[in-house]
Amino acid sequence: TGTGMMHLNRAPWVEPIDERLDRLHAAGKMRETIVVMPDCWTRYGGSQYLDSSATGRYETHVVKELVPFIDGRYRTRRGAASRGVVGKSSGGYGALVLGMRHPDVFGVVGCNSGDMCFEYCYLPGFPGALDAFRKHGGAARWLRAWSRDKRKADRPHFDALNTLAMASCYSPNPRAALGFDLPFDERTGEMRPEVWRRWLRWDPLRMLPAHERRLRRLRYLFLDCGARDEFHLQWGLRAFAARARRLGVRCTTEEFDDGHMEIRYRYDRVLPLLAAKLA
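Criteria and thresholds
Residues numbered from 1 in each chain as written. Predicted model: local features only at pLDDT ≥ 70, side-chain atom pairs only at ≥ 80, totals over all residues. Heavy atoms only, no water. Helix = DSSP H or I, 4+ residues; strand = E, 2+ residues; numbered from the N terminus. Rg over C-alpha atoms; globule rule 2.2 N^0.38 Å. Buried < 20%, exposed > 50% of the residue type's maximum accessible area, 1.4 Å probe, protein only. Contact = heavy atoms within 4.5 Å. Areas by Shrake-Rupley, 256 points an atom, 1.4 Å probe, with all protein chains shown as cover. Lys, Arg positive; Asp, Glu negative; His and termini not counted. Charge placed at Lys NZ, Arg CZ, Asp CG, Glu CD. 1 Å grid on protein atoms, 1.4 Å probe; cavity = no way out; pocket = protein on both sides within 12 Å on 5 of 7 lines; lining within 4 Å. Points joined across faces, edges and corners; volume = space filled by probe spheres on them. Bend = angle between axes of the 7 residues up to and from the residue. Axes fitted to C-alpha atoms, helices over the stretch in contact; angles between N-to-C directions. Left-handed = near helix turned anticlockwise from the far one by under 90°. Nonpolar A, V, L, I, M, F, W, Y, C, P; charged D, E, K, R; others polar. Polar contact = N/O pair within 3.5 Å; in protein donor to acceptor, adjacent residues only side chain to side chain.

When helices and strands are counted, the protein shows eleven helices and six strands. Taking 279 residues into account, the globule formula puts the C-alpha radius of gyration at 19 Å, and the protein, at 19 Å, falls close to it. With respect to the three principal axes, the spread of C-alpha positions in the protein is 55 × 45 × 40 Å. The 279 residues of the protein split such that 51% are buried. Excluding contacts between residues fewer than 6 apart, the proportion of contacts in the protein whose partners are at least 24 apart in sequence is 69%. With the model as given, the accessible surface of the protein reaches about 14200 Å², and the carbon-plus-sulfur share is 50%. Considering the protein, the positive charge centre built from 46 side chains and the negative charge centre built from 33 side chains are found 5 Å apart.

Below, the structure is given as structure tokens:
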């Protein structure tokens, strides 16, 4: 539910990203960098930075279009060792998966409270989504109602929107009415194992074995999460780190005493650290 430009918003007691970077640079805490904020928004609130027939080719957009565009317009140092990708929540997921799949493009990766261990972070929201769909007569009708009257995405509206967003990324199906398959039966709530397996193939925990060699090519991999994350992502972080290290993949992890929301202060820690690792 966020876009790149939101980092520039001015709000009371909130430091926008440009002022934060200026302060860090001026204090000598962070080396100068070019910071790019991609807008990979979709009607569902995000793309997970993946290619999908339901939403668009956002992975291709970032890797094949945006990176060459920036290299062509600005004084960049070319090559993966001088280029990093970082994000929070869905952005953390996107940063990690882009790094796993494209170590030739991004050599430094920061995943802040990123989606992983899908059983813990997505499954708890399915009952709320089912309730919202039922009240409107199905997912398609809920989406039409939401599109007409975009009330704040509190639960169960967030559960419904998040489930549709993730289905559009993880289980696209051009033949389906919405362009994607839901991981459960809308009427009974029963899980659809074949669809859920498609989701799990995109879980960073499941992706690790097939991508371990690519991950070893990264110059630096950093992951952090609040120890009280509302989406239980701290458990995904712990499982990912343990599994990665068993596979011989180097990664640095940190947990901090907070939840998932309003943790932009962590950029004071993360951005200088990642910038220092760039070649």
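Looking at the second largest pocket, its volume works out to about 150 Å³. The wall of the second largest pocket is formed by Met5, Ile34, Val35, Val36, Met37, Pro38, Asp39, His61, Leu66, Ile70 and Tyr74.

Roughly 30° is the biggest bend found in helix H2 (residues 58-73), and it falls at Leu66, with proline Pro68 one to four residues downstream. Of all the positions in H2, only Tyr58, Glu59, Thr60, Val62, Val63, Leu66, Val67, Ile70 and Asp71 are classed as buried. The inward-facing, buried residues of H2 abut strand E1 (51-52), strand E2 (56-57) and helix H3 (90-101).

For the pair helix H1 (residues 17-26) and helix H11 (residues 267-277), the least separation of the axes is 11 Å and the interaxial angle reads 60°. By crossing handedness, the relation of H1 to H11 is classed as right-handed. On H11, the residues that touch Ile17, Arg20, Leu21, Arg23 and Leu24 of H1 are Tyr267, Asp268, Leu271 and Pro272. Looking at the contact of H1 with H11 residue by residue, the classes come out as six nonpolar, no polar and three charged.

The next thing to look at is the side chain of Asp71. As for its placement among the helices and strands, Asp71 is situated in helix H2. Under the relative-accessibility criterion, Asp71 is labelled buried at 12%. Polar contacts involving the side chain of Asp71 include one to the side chain of Arg83, which spans 2.9 Å. Apart from residues lying up to four places away in sequence, Asp71 is in contact with Thr76, Arg78 and Arg83.

With that out of the way, let us pick up the environment of Arg250. Relative to the elements of secondary structure, Arg250 occurs in the loop between helix H10 (233-246) and strand E6 (252-256). Residue classification places Arg250 among the exposed positions, given a relative accessible area of 66%. Separated by 91 residues in sequence, Arg250 and Asp159 have C-alpha atoms that sit 34 Å apart. Not counting chain neighbours up to four residues away, the residues in contact with Arg250 comprise Leu218 and Leu221.

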